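Understanding the architecture of this molecule
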Amino acid sequence: MSISDADVKRFWTYGYLVVPVVFSLEEINEMRAAFDDVYEGRVAEGRDWPYVPPLVNEERVGIRTALFSWYVNDVIKRYVSDSRIVDIVKRLLDTNAVRLWQDQAIWKPGSDGAMTDYGNIGFHQDYGYWQDSSTTDMVSANIALQDVTIDNGALCLFPCSHTLGLIENANNFFDTDLNSLRESLGNIVPRDEARIELRAGQISFHHCLTIHGSGPNITNEPRLVLAPAYMPDGTYYREEGQDHCPHSEFLGPARRHGQPFEGEFFPLVG
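Below or above, wherever it landed, is the structure these notes cover. The residue numbering used here restarts from 1 in each chain and proceeds along that chain's sequence as written. The model is predicted, so local features are restricted to residues of pLDDT at least 70 and side-chain atom pairs to those at 80 or more, both for listing and for counting; the totals for chains, interfaces and linings are taken over all residues. Water and hydrogen atoms play no part in the side-chain values, which are based on all heavy atoms of the structure.

On to the side chain of asparagine 73, then. Position of asparagine 73 among the secondary structure elements: in the loop between helix H3 (69-72) and helix H4 (74-80). Any N or O atom pair separated by 3.5 Å or less is treated as a polar contact, with the protein-specific requirement of one donor-capable and one acceptor-capable atom, and with residues adjacent in sequence counted only for side-chain atom pairs. Separated by 3.0 Å, the side chain of asparagine 73 and the backbone nitrogen of valine 75 make a polar contact. Here, two residues are considered to be in contact whenever any of their heavy atoms come within 4.5 Å of each other. If we skip the residues at most four places from it in the chain, asparagine 73 touches Ala34, Asp37 and Val38. Secondary structure elements are defined from DSSP: runs of H or I of at least 4 residues count as helices, runs of E of at least 2 residues count as strands, and each element is numbered from the N terminus.

Okay, here's the thing in structure tokens:
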């Protein structure tokens, strides 16, 4: 799939881009079945979770997230490496080669009509968790595995917020109090929020500094989103980054400043 120069400009102006439907119903169902495998503990032969198993925080915040699910599930690996996504990322980053940084299989529970903070994802910047990367030119995708609406917790982001750089306390993924976070961002963010509703199989892309989160899913069905993230080939470990980041752990205890993110855990996908 290709995007236009205007699409690229829109991404860099507003910090996000929505493209038309990419995946068929058959492909969506295959990805949904892979989610079932991930959360029921079935992994590819000879594989185990490279960092931590799926985080199921239902008692505390409701949201489930499986980080690096591609590593243990070959179906997910195939889709996050799909050229229909990767070619868009290469255009957005103006590079000939990109590597997979991570993915998340995100399961947002339904509340069956209850307006609650349960299942919210707090406003955050992805790079708030990725500060050992040498570049902030990284892109996250959100693949809708059903129609994503405001009612089931569509992505909510602040247009142009990527131009602010890394803000203080940018890692609020598990903070479910969106109103409190909105207040704290009140004098920082440049625009009102945008709600990103998607049809099944549609994809949104956002810059890793774009502030985003999502509200409650008040339907009676879980909302499933597969969220891979990508970096330009040549991205390296930045020693002065945050104290701990799972990505740098994959480089081993002898990792050094300038060591490229490559190899088994950071595959070249295009």
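Bringing the packing of aromatic side chains into the picture now. Classification of ring pairs uses Phe, Tyr and Trp, with its six-membered ring standing for Trp, and accepts pairs whose centres are within 6.5 Å; under 30 degrees between planes counts as stacked, over 60 as edge-to-face, and the remaining range as tilted. This structure, assessed with the given rule, holds 14 aromatic pairs. Between the aromatic rings of phenylalanine 23 and tyrosine 79, the centroid separation amounts to 5.5 Å while the plane-to-plane angle is 90°, which identifies the pairing as edge-to-face. Of the two residues, phenylalanine 23 sits in the loop between strand S1 (16-19) and helix H2 (25-39) while tyrosine 79 sits in helix H4, which places them 56 residues apart along the sequence. What makes tyrosine 79 buried here is its relative accessible area of 2%. Look at tryptophan 101 and phenylalanine 261: their rings are 4.9 Å apart centre to centre, the planes differ by 85°, and that puts the pair in the edge-to-face class. One end of the pair, tryptophan 101, is in strand S4 (residues 98-108); the other, phenylalanine 261, is in the segment after helix H7 (246-249), with 160 residues separating them in the sequence. Any residue under 20% of the maximum accessible area for its type is buried, any over 50% is exposed, and the rest in between are partly exposed; the area is computed with a 1.4 Å probe on protein chains only. Relative accessible area serves as the criterion here: at 0%, tryptophan 101 is assigned to the buried category. Each residue in the set Tyr51, Phe68, Trp70, Tyr71, Trp101, Trp130, Phe250, Phe261, Phe265 and Phe266 is aromatic and connected to the rest through ring pairs, giving one cluster.

Below, the discussion takes up H2. Expected span, for any helix, means 1.5 Å times one less than how many residues it has. Along its 15 residues, H2 runs 21 Å from first to last C-alpha, staying within 8% of the 21 Å computed at 1.5 Å per residue. Of all the residues in H2, the buried ones are Glu27, Ile28, Met31, Ala34, Phe35, Val38 and Tyr39. Projection of H2 onto a plane perpendicular to its axis shows the buried side chains occupying an angular sector of 125°, all on one side. Those residues of H2 that are exposed and angled more than 90 degrees off the buried face are Leu25 and Glu26. Just downstream of H2 lies glycine 41, where phi reads positive at about 85°. In this description, the arc belongs to the directions extending from the helix axis to the C-beta atoms.

Turning our attention to the packing of helix H1 (residues 5-14) against helix H5 (residues 83-93). Running from N to C, H1 and H5 point in directions that differ by 70°, and their axes come no closer than 9 Å. With respect to their mutual orientation, H1 and H5 come out roughly perpendicular. When the axes of H1 and H5 are compared, the crossing they make is right-handed. Across from Asp5, Val8, Phe11 and Trp12 in H1, the residues of H5 making contact are Arg91, Leu92 and Leu93. Basically, the charged four are Asp, Glu, Lys and Arg, the nonpolar ten are Ala, Val, Leu, Ile, Met, Phe, Trp, Tyr, Cys and Pro, and anything else, Gly included, counts as polar. By residue class, the composition of the contact of H1 with H5 is 5 nonpolar, no polar and 2 charged. Axis lines are fitted through C-alpha atoms, for helices just across the contact stretch, and the angle between N-to-C directions can take any value from 0 to 180 degrees. Should an angle fall under 35 degrees it is taken as roughly parallel, and over 145 as roughly antiparallel, whereas 65 to 115 is taken as roughly perpendicular and any remaining angle as oblique. Crossings are sorted by hand: turned counterclockwise from the far helix by less than a right angle, the near helix makes the crossing left-handed, and turned clockwise it makes it right-handed.

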